[in-house]
Amino acid sequence: MNLIKFDPMMPRTFSNMFDNFFNRSISDFVGSDFVMNMPSVNVVETDNGYGLEVAAPGLAKEDFDISVEKDRLTISARKEAKEEVNEDKFTRREFNYASFQRSFYLPETIDKDAIEARYENGVLRLSLPKKAEIVKEEKGRTIEIG
Amino acid sequence: MRFKHATSPRDTMNPPLRKFVNDLANASLSDIADREFVYTRPSVNIVEGETAFEIQVAAPGLQKDAFAIQLQEGVLTITADAPRPEGKFTRREFDYTQFKRSFKVGDQIDGDKVTALYEQGILIVRLPKRDPEELRTRISVK
């Protein structure tokens, strides 16, 4: 085990804050100031483009607003509160995805007009296809010998 | 004196965390290196109602068959076991396919009445409270 000398001047990194957070017991938890409110995102590259997955559970597809402005893709959500939730009732609060915004810079190769989105099992999935001519170019061309 | 108006949750974060969150807000599609970790352990909210507790597990992207919920000796354990997704990830921030979280619920829960459902990526486990009268052992005076 490595012992690290405590240095009050050293900034706490996010990851060590994270460890502390998970090592707390259930009863300690009340009063913590850390609530996940920014959904995590995965991006998968495929031959034809990118797939973007936003982990934003508990919403309805109507809550999302997705827009592209120049090369910037912005995904935001705002949950319409159906009923007033009394915050005092939470004995533990680790997530709240009711309202967020995340932006991504799109590569030039993406066909902005062909972007599609779908919300399923709490994941917002966007397909970001590459422009047809780019895909064609990347695949290369086999020249037939006549 | 500086006057601070509305405080958003972001304002109350410590500076490294705030930087981290701001970085997230302006990201590119391929940034596998700028994240220190992948979230693999879902966040949980617990709400106490008058007659029951509700545990909400934010585990999006699974099927309900992937979950197993067990109540044993006062400990509720929620596990998920789904196939790990494959593909060429250029950004990876979450993977909730395999996890385990346990909660000490003690004897205040009526184990026979626990129910669960998976909705919009949230696993909701409802734990009805036991009638306090049941927990009391009455000793009659002979």
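One numbering rule holds for all chains: residues counted from 1, following each sequence as written. In the order they appear in the text, chains get letters beginning with A and ligands get numbers beginning with 1. Note on the predicted model: pLDDT of at least 70 is required for a residue's local features to be given, and 80 or more for side-chain atom pairs to be given and counted; whole-chain, interface and lining totals, by contrast, use all residues.

Student: So what exactly am I meant to see when it comes to the overall build of chain A here?
Tutor: Here a helix means four or more residues in a row that DSSP labels H or I, a strand means two or more in a row labelled E, and each is numbered from the N terminus. A tally of helices and strands in chain A yields two helices and eight strands. Traced from its N-terminal end to its C-terminal end, chain A shows the element sequence α-β-β-β-β-β-β-β-β-α. We call a residue exposed when 12 or fewer other C-beta atoms sit within 10 Å of its C-beta, buried when the count reaches 20 or more, and partly exposed for counts in between; the C-beta positions come from the backbone. For chain A, the proportion of its 146 residues judged to be buried stands at 24%. By definition, residues are in contact whenever their C-beta atoms, placed on the basis of the backbone, come within 7 Å of each other. Long-range contacts, defined here as pairs at least 24 residues apart, represent 57% of the contacts in chain A between residues at least 6 apart.

Student: Is there a simple way to think about the overall build of chain B in this case?
Tutor: Each helix and strand counted, chain B has two helices and nine strands in total. For chain B, the α and β elements follow one another from N to C terminus as α-β-β-β-β-β-β-β-β-β-α. Burial statistics for chain B: of 142 residues in total, 20% are counted as buried. Restricting the contact set of chain B to residue pairs at least 6 apart, pairs at least 24 apart contribute 55%.

Student: Can you walk me through the sheet that holds strand β7 (residues 98-104) of chain B in this structure?
Tutor: Within a sheet, neighbouring strands are paired by backbone hydrogen bonds and run either parallel or antiparallel to one another. Residue and element names in this part refer to chain B. Think of it this way: DSSP has to see at least two bridges between two strands before they count as a pair. Read across the sheet, three strands follow the order β4-β5-β7 without closing on themselves; strand pairing throughout is antiparallel. The outermost strands of the open sheet, each flanked by one partner alone, are β4 (67-72) and β7. Taking the axes of each pair of neighbouring strands and ignoring which way they run, one obtains an average angle of 15° across the sheet. As paired elements, β4 and strand β5 (residues 75-81) share six bridges and run antiparallel to each other. Paired with I69 across the bridge in β5 is I78. Here an axis means a line fitted to C-alpha atoms, over the contact stretch when the element is a helix, while the angle between two N-to-C directions is reported on a 0 to 180 degree scale.

Student: How do you make sense of the nonpolar core when you look at a structure like this?
Tutor: Generally speaking, soluble globular proteins have nonpolar side chains that are buried together. Of all hydrophobic cores here, the largest spans 40 residues; its most connected members are A:L52, A:V54, A:A56, A:L124, B:I55, B:V57 and B:L123. Ignoring any residue separated from it by four or fewer positions in sequence, one finds A:V54 in contact with A:P39, A:V41, A:I75, A:V123 and A:L124. Under the definition applied here, buried Ala, Val, Leu, Ile, Met, Phe, Trp, Tyr and Cys residues are grouped into a nonpolar core through C-beta atoms within 7 Å.

Student: Looking at this structure, I do not really get unusual backbone geometry. What am I missing?
Tutor: Negative phi characterises most residues that are not glycine, and trans characterises most peptide bonds. Phi is positive for A:K70, close to 55°, though the residue is something other than glycine. Structurally, A:K70 is set in the loop between β3 (64-69) and β4 (72-78). Under the C-beta neighbour-count criterion, A:K70 is labelled exposed, with 8 such atoms within 10 Å. Notably, B:E73 is not glycine yet its phi reads approximately 45°, a positive angle. With respect to the secondary-structure elements, B:E73 resides in the loop between β4 and β5. Using a count of 7 C-beta atoms within 10 Å as the deciding quantity, one classes B:E73 as exposed.

Student: Help me out: how do you make sense of helix α2 (residues 132-139) of chain A in this one?
Tutor: Structural remark: α-helix, 3.6 residues per turn; residues separated by three or four positions point the same way. Burial of α2(A) is sparse: only zero of the eight residues sit out of reach of the surface. Two residues or fewer after α2(A) comes A:G140, characterised by a positive phi angle close to 80°.

Student: Just checking my understanding: could you explain the sheet that holds strand β8 (residues 115-119) of chain B for this structure?
Tutor: Ordered in space as β5(A)-β2(B)-β3(B)-β9(B)-β8(B), the five strands form an open sheet in which the pairing is antiparallel. For this open sheet the edge positions go to β5 (90-93) of chain A together with β8 of chain B, each flanked by a neighbour on one side alone. With direction set aside, neighbouring strand axes in the sheet form an average angle of 15°. Across seven bridges, strand β3 (residues 52-58) of chain B lies against strand β9 (residues 122-128) of chain B in antiparallel orientation. Bridge assignment links B:V57 to a residue of β9(B), and that residue is B:L123.

Student: How should the confidence of the model for chain A be read in this particular structure?
Tutor: Detailed conclusions should not be drawn from predicted coordinates in areas where pLDDT is low. Residues and elements named next belong to chain A. Values of pLDDT, ranging from 0 to 100, describe the predictor's confidence in every residue of the model. Looking at chain A, the pLDDT average stands at 78 and 73% of residues meet or exceed 70. Mean pLDDT across the secondary structure elements of chain A bottoms out at helix α1 (residues 14-23), with 37, and peaks at strand β7 (residues 116-120), with 97. Confidence drops under a pLDDT of 50 for residues 7-32, and excluding neighbours within four residues, the segment shows 19 contacts in the predicted structure.

Student: What should I look at first to understand the pairing of strand β8 (residues 123-129) of chain A in this one?
Tutor: Regular strands place their side chains on alternate faces of the sheet. Residues and elements named next belong to chain A. Of all the seven residues making up β8, five are buried; the element is thus mostly covered by neighbouring parts of the structure. Bridge count for strand β2 (residues 49-55) against β8 is seven bridges, and the pairing is antiparallel. In the strand pairing of β8, A55 is matched with V123. Where β7 and β8 come together, five bridges link them in antiparallel fashion. Its bridge partner being in β8, Y119 is matched across the sheet by L124. Linking β7 to β8, which pair antiparallel, is a turn of two residues; within it N121 sits at a positive phi near 50°.

Student: What should I look at first to understand the pairing of β8(B) in this one?
Tutor: Residues and elements named next belong to chain B. Here β8 pairs with β9 via five bridges, running antiparallel. Residue pairing for β9: L117 is matched across the bridge by I124. Here β8 folds back onto β9 in antiparallel fashion, the turn holding two residues, of which Q120 has a positive phi close to 45°.

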